[in-house]
Amino acid sequence: MDNQNSEERKPISQPLTPEEVSPEQRAEMKRAMREDDLVLNPGDYVDGEKTLEEKSKQVAVDTADITGDRIVVPTYFVVDDPEEGQKALHHIKDAEEISDVIRQARIDEDGNRTWR
C-alpha cells in the first residue's frame, strides 16, 4: 500500500456532540442565521473545494431540540469505499447512498460491526 492510500484511510473524527463543534463554526452559523437570508441551514451548503478533513468537521445542525437537549448533525458522513477509499457523503445530496451504506452494516455474534 502506498503512502497516499494509507493517508486516505486514516481514521476521521467527526463532531457528534456540542462540545466537539469548533467555536468558530458555531459563531459563523449563528451569524448566518441572524444576518443572511438562507434557504438551508448554514451547514447544509455544499462546498466542493473543501478537503475530506474539512468536510468531516462541517456541522449541519448544532442546536437545542424541543426538549432542550443539544443535538449535532454532521453535514457529511465519511465512509470507507473499497474501490474509492474514504469519501464524504452529504447528508442531503447523498442520502440514498448513505442509506445503501447503512443497509450493508451487519453485527456478528460477538456484537462487532462487520460490513459486506
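Scope of this entry: the structure provided in the associated data block. Quick caveat, the model's predicted, so the values are computed rather than measured.

A few words now on the overall build of the protein. On a plain count of helices and strands, the protein comes out with four helices and six strands. Shown N-terminal to C-terminal, the secondary structure of the protein runs as helices and strands in the order α-α-α-β-β-β-β-α-β-β. At a minimum sequence separation of 6, the contacts of the protein that also span at least 24 residues come to 41%. On the protein, roughly 8,400 Å² of surface is accessible, and the fraction owed to carbon and sulfur atoms is 50%.

A separate point is the pattern of salt bridges. Here the structure, examined in full by the defined rule, presents eleven salt bridges. A salt bridge links Asp81 to Lys87, with the shortest nitrogen-to-oxygen separation between them at 3.6 Å. The network of salt bridges with shared partners includes Glu28, Arg31, Arg34, Glu35 and Asp36.

Along the chain, the position of Gln58 falls in the loop between α3 (52-57) and β1 (59-64). For Gln58, a relative accessible area of 6% puts it in the buried group. In this structure, Gln58 is in contact with Gln25, Gly43, Asp44, Tyr45, Lys50, Pro74, Thr75 and Tyr76, ignoring residues within four places of it in sequence.

A separate point is the pairing of strand β4 (residues 85-90). The buried count for β4 comes to six of six residues, which makes it a mostly enclosed element. The antiparallel hairpin formed by strand β3 (residues 76-81) and β4 contains three residues in its connecting segment.

Here we come to the pairing of strand β2 (residues 70-74). Bridge analysis of β1 against β2 gives five bridges, and the strand direction is antiparallel. Bridging across to β2, Asp62 finds its partner in Val72. Between β1 and β2, which pair antiparallel and follow one another directly, the connecting turn spans five residues, one of which, Gly68, has a positive phi of 95°.

Moving on to the environment of Ile107. Here Ile107 lies in strand β5 (residues 105-107). The contacts of Ile107, once residues within four sequence positions are left out, are Asn112, Arg113 and Thr114.

Within the element layout of this structure, Gln14 appears in the loop between α1 (3-8) and α2 (23-35). By relative accessible area, Gln14 is classed as buried at 16%. A polar contact of 2.5 Å, which involves the side chain of Gln14, links it to the backbone oxygen of Tyr76. When neighbours within four sequence positions are excluded, Gln14 is seen to be in contact with Glu20, Ser56, Pro74, Tyr76, Phe77 and Val78.

Quick notes on the rules
Residues numbered from 1 in each chain as written. Predicted model: local features only at pLDDT ≥ 70, side-chain atom pairs only at ≥ 80, totals over all residues. Heavy atoms only, no water. Helix = DSSP H or I, 4+ residues; strand = E, 2+ residues; numbered from the N terminus. Contact = heavy atoms within 4.5 Å. Areas by Shrake-Rupley, 256 points an atom, 1.4 Å probe, with all protein chains shown as cover. Salt bridge = Lys/Arg side-chain N within 4 Å of Asp/Glu carboxyl O. Buried < 20%, exposed > 50% of the residue type's maximum accessible area, 1.4 Å probe, protein only. Pairing = 2+ DSSP bridges. Polar contact = N/O pair within 3.5 Å; in protein donor to acceptor, adjacent residues only side chain to side chain.

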